[in-house]
Amino acid sequence: MFRKVLVGLLAVAIGLAIAGAGYRFGQYLAQKDAASPAVRAIT
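All values derive from a computational prediction rather than experimental measurement.

Reading the values: rules and limits
Residues numbered from 1 in each chain as written. Predicted model: local features only at pLDDT ≥ 70, side-chain atom pairs only at ≥ 80, totals over all residues. Heavy atoms only, no water. Helix = DSSP H or I, 4+ residues; strand = E, 2+ residues; numbered from the N terminus. Areas by Shrake-Rupley, 256 points an atom, 1.4 Å probe, with all protein chains shown as cover. Patch = residues over 30% accessible without salt bridge, like charges linked within 9 Å, V, L, I, M, F, W, Y side chains within 5 Å. Salt bridge = Lys/Arg side-chain N within 4 Å of Asp/Glu carboxyl O. Buried < 20%, exposed > 50% of the residue type's maximum accessible area, 1.4 Å probe, protein only.

## Side note on the overall build of the chain
Okay, step 1: What the chain contains, in helices and strands, is one helix and zero strands.
Okay, step 2: Per element, the accessible surface of the chain, about 4400 Å² overall, is 71% carbon and sulfur.

This is the structure we're talking about:
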């Protein structure tokens, strides 16, 4: 049973790490998009 709990906690930690990396990447893309000189119109 202890092993199942340990594996579950490890899975949660990995999931949170992936989610955090995705959040930081999204912030980077938003910052990069905001820094662009002009927004092109969609035609």
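## What to know about a nonpolar patch on the surface
Okay, step 1: Where nonpolar side chains cluster on the molecular surface, the patch consists of M1, V5 and L9 and spans about 370 Å² of accessible area.
Okay, step 2: Mapped onto the elements, L9 comes out in helix α1 (residues 2–34).
Okay, step 3: A residue is classified by how much of its surface remains accessible, and L9, at 56% relative accessible area, is exposed.

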